[in-house]
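# What the coordinates show
Spelled out, the chains give:
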Amino acid sequence: MAKPTSRADLSEATRLLHGAETPAQKLGVEARVVNPPLQRASTVLMPNAASLYASGGAPTYGRLGLGVQAALEGALAELEGASHLALFSSGAAAVTGALLAALSAGDELLAADGVYRPTRRLCDGTLARFGVTTRFYPARATVDEIMALVGPQTRAIMLESPASLTFEMQDVPAIAAAARAKGILTLIDNTWGAGLLFKPLAAGVDFSIQALTKYVSGASDVFMGSVAVRRPPLAKALQTLMLETGWAVSPDDCYTMLRGLRTLPLRLRQHGESALIVAQWLQTQPEVQRVLCPALPSSEDHAIWKRDYSGVCGLFGVMLQPAPPKAVEAFLDALSLFGLGFSWGGFESLAIHCDPQIQRTAKPWLGLGPLVRLHIGLESPDDLMADLRRGLDAFAQACEGEA
Ligand SMILES: *Cc1c(COP(=O)(O)O)cnc(C)c1O
């Protein structure tokens, strides 16, 4: 097509805008770069008028996701064994998206008492406001106990196993099968499983949710979440939701996330190996009452973990001997390798005390002592155990001071 004007005829402003057109693909057709091209675009320029409304499936607007988003979605769908996967701006937003895709006004949701706290807030707040009621069931409820709660309005069951903070597990395959037999949808927050250690869709769960912010990123520097589904009507529901809500993720964040995903299996193996060393050592320390980690043979949930999981991640709980809150703070404040911060899944070790945020409405949490959550990072386990021993010394000293 002939250009109507030569460059010299254009105003300076126009020339400035058109002076840096995207260069034509410089590589030959056989040459490829390793990573997808990072395209920062809202507008997509189509080759002709007809293709504006008939693109043959190609994205016509940046919000729908371009090359990097598609590359990340494809890789994660592969990991999840999904037919369709949607990306969200955070893990919390992914929980929201999955529940909005599954539920309508008038529906009832059954949710585990041990769900991630923002999930509970969503259920009690926005979902309630839009006419969805939530009933919570005990965090370690059996399939029969859950199915006994099902009523005529029950549309979905929100699972989290292991539970946030307290690590109770559920028999997810049995619950998924029983729910499906009754036409009830199941969703699971599988952030602990990282898409790798447990495969919810293969276990019969309808929606597999993950906070990619944690292990897929692995570097504590980017937020994102994913929802994966296998059944075509659910894929359609998710696609429609994304179009209607306008939610989107940035190509830069997807690029960062894709970089993390490449090394997920390697990192997770190391986190798990170190976590087991530290967890087993903690069990032998006098200040520790119990370690909450389903991979430990002493755990109440060990049989379920062993049957369903291919490994363990770096996150577990430590129940200390009964002590005043000041002693728990002394323990945390004496740590130097463990950062005191929320979130987990990055390369670094982290610790928080949990009691201020444990919430239960179905069955009270009967913690027999203060609960601390540890994330075991990629540091040497020997260094981490030495750091924890210093913390436990401070804890013991603070307890003595109190007595
Ligand atoms: C962190 C977390 C989320 C939320 O992820 P964000 O990206 O921080 O919003 C959801 N579920 C679980 C279990 C989490 O630990």
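Everything discussed here concerns the structure shown above.
All of the points below concern the structure found in this document. (Residues numbered from 1 in each chain as written. Predicted model: local features only at pLDDT ≥ 70, side-chain atom pairs only at ≥ 80, totals over all residues. Heavy atoms only, no water.)

### Thoughts on the side chain of Thr-213
- Along the chain, the position of Thr-213 falls in the loop between strand 6 (207-211) and strand 7 (225-229).
- Accessibility expressed as a relative area gives 10% for Thr-213, which makes it buried.
- With near-sequence residues (within four places) excluded, Thr-213 lies in contact with Gly-91, Val-222, Phe-223, Met-224, Met-257 and Trp-344. (Helix = DSSP H or I, 4+ residues; strand = E, 2+ residues; numbered from the N terminus. Buried < 20%, exposed > 50% of the residue type's maximum accessible area, 1.4 Å probe, protein only. Contact = heavy atoms within 4.5 Å.)

### Concerning the nonpolar core
- Counting residues in hydrophobic clusters, the biggest one holds 118 residues, and the most contacted among them are Ile-157, Phe-207, Leu-282, Phe-316 and Leu-374.
- Domain assignment of the residues forming this core places at least three in each of domain 1 (63-261) and domain 2 (264-402).
- Discounting chain neighbours no more than four positions away, the residues touching Phe-207 are Ala-98, Ala-101, Ala-102, Leu-185, Thr-186, Leu-187, Ile-188, Leu-201, Val-227, Ala-228, Val-229 and Leu-234. (Core = buried A, V, L, I, M, F, W, Y, C linked by side-chain atoms within 4.5 Å. Domains from an automatic or database assignment.)

### Brief notes about the site of the ligand
- Taken together, the neighbourhood of the ligand is formed by 13 residues, with Gly-91, Ala-92, Asp-189, Thr-213 and Lys-214 sitting nearest.
- Interatomic distance of 2.5 Å between a side-chain N/O atom of Thr-213 and an oxygen atom of the ligand.
- Trp-344 places a polar side-chain atom, nitrogen or oxygen, 3.2 Å from an oxygen atom of the ligand.
- Expressed as a share of its isolated accessible area of 380 Å², the protein-covered part of the ligand is 91%. (Near = heavy atom within 4 Å. Polar contact = N/O pair within 3.5 Å; in protein donor to acceptor, adjacent residues only side chain to side chain. Areas by Shrake-Rupley, 256 points an atom, 1.4 Å probe, with all protein chains shown as cover.)

### Observations concerning helix 3 (residues 67-80)
- Under the 1.5 Å per step criterion, the end-to-end length of helix 3 is 20 Å for 14 residues, consistent within 8% with the ideal 20 Å.
- Along helix 3, the positions that sit buried rather than exposed are Val-68, Gln-69, Leu-72, Leu-76, Ala-77, Leu-79 and Glu-80. In a view along the axis of helix 3, the buried residues occupy a sector of 160°, so they form one face of it.
- In this fold, the buried residues of helix 3 make contact with strand 1 (84-88), strand 6, strand 7, helix 9 (251-262) and helix 10 (264-283).
- Of the residues flanking the end of helix 3, it is Gly-81, one or two places downstream, whose phi is positive at about 65°. (Expected span 1.5 Å × (residues − 1). Arc of directions from axis to C-beta.)

### Digging into the sheet that holds strand 1
- Overall, mixed pairing links the 7 strands, which are arranged 1-7-6-5-4-2-3 in an open sheet. Looking at the sheet topology across the chains shown, the edges are occupied by strand 1 and strand 3 (133-137). Geometrically, the sheet is characterised by an average inter-axis angle of 20° between neighbouring strands, direction not taken into account.
- Both strand 2 (residues 108-112) and strand 4 (residues 154-160) contribute to a ladder of 4 bridges, which runs parallel. What sits directly across from Ala-111, in strand 4, is Met-158.
- Its contacts with the sheet place helix 3 against strand 1, strand 6 and strand 7, and it is angled at close to 125° to strand 1. (Pairing = 2+ DSSP bridges. Axes fitted to C-alpha atoms, helices over the stretch in contact; angles between N-to-C directions.)

### Concerning empty space enclosed by the protein
- Across all of its chains, the model carries 1 cavity of 30 Å³ or more by this definition.
- Of the volumes computed, that of the largest cavity is approximately 90 Å³.
- Val-115, Leu-165, Gln-357, Gln-359 and Arg-360 are, among the 13 residues lining the largest cavity, the residues nearest its centre.
- Grouping the amino acids of the lining of the largest cavity by side-chain chemistry returns 4 nonpolar, 5 polar and 4 charged.
- Taken domain by domain, the makeup of the lining of the largest cavity includes at least three residues from each of domain 1 (63-261) and domain 2 (264-402). (1 Å grid on protein atoms, 1.4 Å probe; cavity = no way out; pocket = protein on both sides within 12 Å on 5 of 7 lines; lining within 4 Å. Points joined across faces, edges and corners; volume = space filled by probe spheres on them. Nonpolar A, V, L, I, M, F, W, Y, C, P; charged D, E, K, R; others polar.)

### A closer look at the packing of aromatic side chains
- The tally for this structure, following the rule as stated, stands at 4 aromatic pairs.
- When the ring of Trp-192 is compared with that of Tyr-309, the centres are 5.7 Å apart and the planes differ by 65°; the resulting orientation is edge-to-face. Here the residue Trp-192 occupies a position in the loop between strand 5 (185-189) and strand 6, and Tyr-309 occupies one in the loop between helix 11 (302-308) and strand 9 (315-320), the gap between them amounting to 117 residues. Each member of the pair, Trp-192 together with Tyr-309, is buried. (Phe/Tyr/Trp six-rings, centres within 6.5 Å; stacked < 30°, edge-to-face > 60°.)

### Quick look at the environment of Val-312
- With respect to the helices, strands and loops of the structure, Val-312 is situated in the loop between helix 11 and strand 9.
- Once the C-alpha coordinates of Val-312 and Pro-294 are considered, the two residues, 18 residues apart in sequence, prove to be 8.4 Å apart.

### Let's talk about the pairing of strand 6
- Counting buried positions over the 5 residues of strand 6 gives 5, a clear majority of the element.
- The side-chain alternation of strand 6 yields two buried faces, one formed by Phe-207, Ile-209 and Ala-211 and the other by Ser-208 and Gln-210.
- Pairing of strand 5 with strand 6, which is carried by 3 bridges, proceeds in the parallel orientation. Note on strand 6: the bridge partner recorded for Asp-189 is Ile-209.

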